[in-house]
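Remarks on the overall topology
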Amino acid sequence: MEAKNLTTKERLQIPPVAMPEQDPRERVRNVSEVPIGYDAAMALTESQRCLQCKNAPCVKGCPVEIDIPAFIKAIVEGKYRDSINKIKETNILPAVCGRVCPQEEQCQKGCVVGKAHKDVDKAVQIGKLERFAADWEMERGEAEVPVIKASTGKRVAVVGSGPAGLTVAADVRREGHEVTVFEALHRPGGVLIYGIPEFRLPKRIVMREVRNLERMGVTVRTNYVVGKTATIDELFDEGFDAVFVATGAGLPLFMRIPGENLNGVYSANEYLTRANLMAAYSFPESDTPIARARNVAVFGGGNVAMDAARTALRLGAENVYLIYRRSKAEMPARVEEVHHAEQEGVQMMLLQNPIRLIGDDDGWVREVECIKMELGEPDASGRRRPVPIEGSEFRVAIDACIVAIGNASNPLVPATTPDIAVNKWGNIVADEETLKTSKKGVYAGGDIVLGAATVILAMGQGRKAAHAINEFLASGAW
Ligand code: FAD
Ligand code: SF4
Ligand code: SF4
């Protein structure tokens, strides 16, 4: 298929190209990726929908400001190497972002094509095209190692190996500084490895990016808990000149309702970590068990809740109930994730709220008592407040449940480094532009600063922090 010279009208007449997906009946029985990816012909058609706008509002919607019209134009011209290189000027994890960014809220939200159709779903499918370019490069083996400047002799510690930490490691290493990433878990990658399931983000993609960093000369030390194995001050004593803290928001929040300490009640973090990182789906071949429940309730309406519900189906549950206290319109999860969950058979119980978990004599959860809700006036978040309907209580039989109502910041680093200031939610306070904390030489970014946010926002902060760290080390003020 050849690129054609099309008029704006003709471009606007091309419908968005859907990405082929595994059949829902098949995919609930495996952990392989759900969307299969564009082939070259699909990518060409989709990229021809782009109008190459001069002021490109899509770019402003991307937290790392990828030159979107330029990378799409390169796809139209069949210059895939140029396309991926353009993306990588500002984004080191395009295969990840193309898959998991909430594009409808970011780059695609302001797209002129979507606006012309008055439908954000009809915007140019920027994320899918980004994935196409990134996958094209991956299929050609290892990525090119970027140029690393001559050694400066300066040493930077990065605490946490999620998207924020990986971004800083790459950008600081490029300047010629020695970089060590310290990771508490036994595998690097943060939520990309332990949280987001394989069927949404294959682990080989994340491991490839970590390998690329190692090929750039970054040292990754796993099983190293900063605050336990060594404190931040001890890292400075060891000779590090600057520290970037990117420990994320891995502290699960609970509902504080009766019965939450029964057996079979999981936080989404524990459930997903067991399933993803510890390969519990293959127990007893793997060492980690997980409740093989028939009826599972998941509490929450975000991406984490969708991931937990879809994982429960893949672990063999017959009924998975997603219990959410507001309506579908208020769900914070990506539209695509909600759609996939519904296709796979997750049963949405909307405007309902758990109020009590009931166990058997052996202490295992057996029922959840819920109450029906209605929407009242908007609250501080702008969403309509859910209000319980008196006397509407009812019970659902379950044998496991997963609490996915949110996460707070990991508290260990602030607790062991009292001169790092935190706000009332326990997030590290950092300057918006430089990501400098209250402690000299210490920078912080990603979820530990933003609270639970997104991959690309964490990476955006990482970029800013790396820039400031490079300036700090060059200034001789360390
Ligand atoms: P993290 O990815 O949380 O990484 C922090 C790392 O620091 C972890 O590896 C942790 O083990 C390590 N660590 C913590 N404490 C220490 C310590 N003391 N010493 C050493 N290491 C430490 N975002 C999206 O954009 N799209 C999605 O679809 C999406 N889905 C999600 C699904 C789930 C299940 C979850 C939990 C989150 C999801 N998010 C999604 C949010 C996104 O993953 C996060 O915003 C992002 O990963 C934050 O990056 P980070 O680098 O700040 O922290
Ligand atoms: Fe869109 Fe995310 Fe890619 Fe930016 S990184 S262009 S927000 S998909
Ligand atoms: Fe292309 Fe949409 Fe960006 Fe315009 S706003 S350059 S049409 S992706």
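Everything quoted here is computed from the prediction, not taken from an experiment.

Moving on, we get to the pairing of strand β1 (residues 155–159). Among the five residues of β1, four are classified as buried, and the element is accordingly described as predominantly covered. Relative to strand β2 (residues 178–182), β1 is paired through five bridges, and the arrangement is parallel. For V158, the partnering residue across the bridge sits in β2 and is V181. As a crossover connection, the stretch from β1 through helix α10 (residues 163–174) into β2 is right-handed.

Taken domain by domain, the protein consists of domain 1 (8–138), domain 2 (155–250 + 409–475) and domain 3 (253–406). The C-alpha centroid of domain 2 is placed 28 Å from the C-alpha centroid of domain 1. At the junction of the two partners, domain 1 supplies 22 residues and domain 2 supplies 23 residues. Counting the surface lost from both domain 1 and domain 2, the interface buries some 1,900 Å², and carbon and sulfur atoms represent 73% of this. When the buried area of domain 1 at its contact with domain 2 is split by residue, I92, L93 and M138 rank highest and sum to 29% of it. Our count for the contact surface shared by domain 1 and domain 2 stands at four residue pairs in polar contact (both at pLDDT 80 or more). Secondary structure elements with two or more residues in the side of domain 1 that touches domain 2: α7 (94–100) and α9 (126–139). When grouped by side-chain class, the residues that make up the side of domain 1 that touches domain 2 number 14 nonpolar, four polar and four charged.

A few words on the nonpolar core. In this structure, I68, F71, F244 and I469 are the most contacted members of the largest nonpolar core, which totals 74 residues. At 10 residues, the largest contribution of residues to this core is made by helix α19 (residues 455–475). Discounting residues that sit within four places of it in the chain, I68 has contacts with C58, V59, C62, C107 and I126. Counting 29 residues, the second largest nonpolar core, distinct from the first, contains Y271, A291, M306 and L322.

What follows is about helix α5 (residues 68–76). All of the buried residues in α5 are I68, P69, F71, I72, A74 and I75. Considering only its buried residues, α5 is in contact with α3 (40–47), α4 (57–61), α6 (80–88) and α9. Just downstream of α5, G78 is the residue with a positive phi angle, here 75°.

The rules behind these values
- Residues numbered from 1 in each chain as written.
- Chains lettered and ligands numbered in written order.
- Predicted model: local features only at pLDDT ≥ 70, side-chain atom pairs only at ≥ 80, totals over all residues.
- Heavy atoms only, no water.
- Buried < 20%, exposed > 50% of the residue type's maximum accessible area, 1.4 Å probe, protein only.
- Helix = DSSP H or I, 4+ residues; strand = E, 2+ residues; numbered from the N terminus.
- Pairing = 2+ DSSP bridges.
- Right-handed = clockwise from strand over helix to strand, strands pointing away.
- Domains from an automatic or database assignment.
- Contact = heavy atoms within 4.5 Å.
- Buried area = accessible area lost by both parts, 1.4 Å probe.
- Polar contact = N/O pair within 3.5 Å; in protein donor to acceptor, adjacent residues only side chain to side chain.
- Nonpolar A, V, L, I, M, F, W, Y, C, P; charged D, E, K, R; others polar.
- Core = buried A, V, L, I, M, F, W, Y, C linked by side-chain atoms within 4.5 Å.

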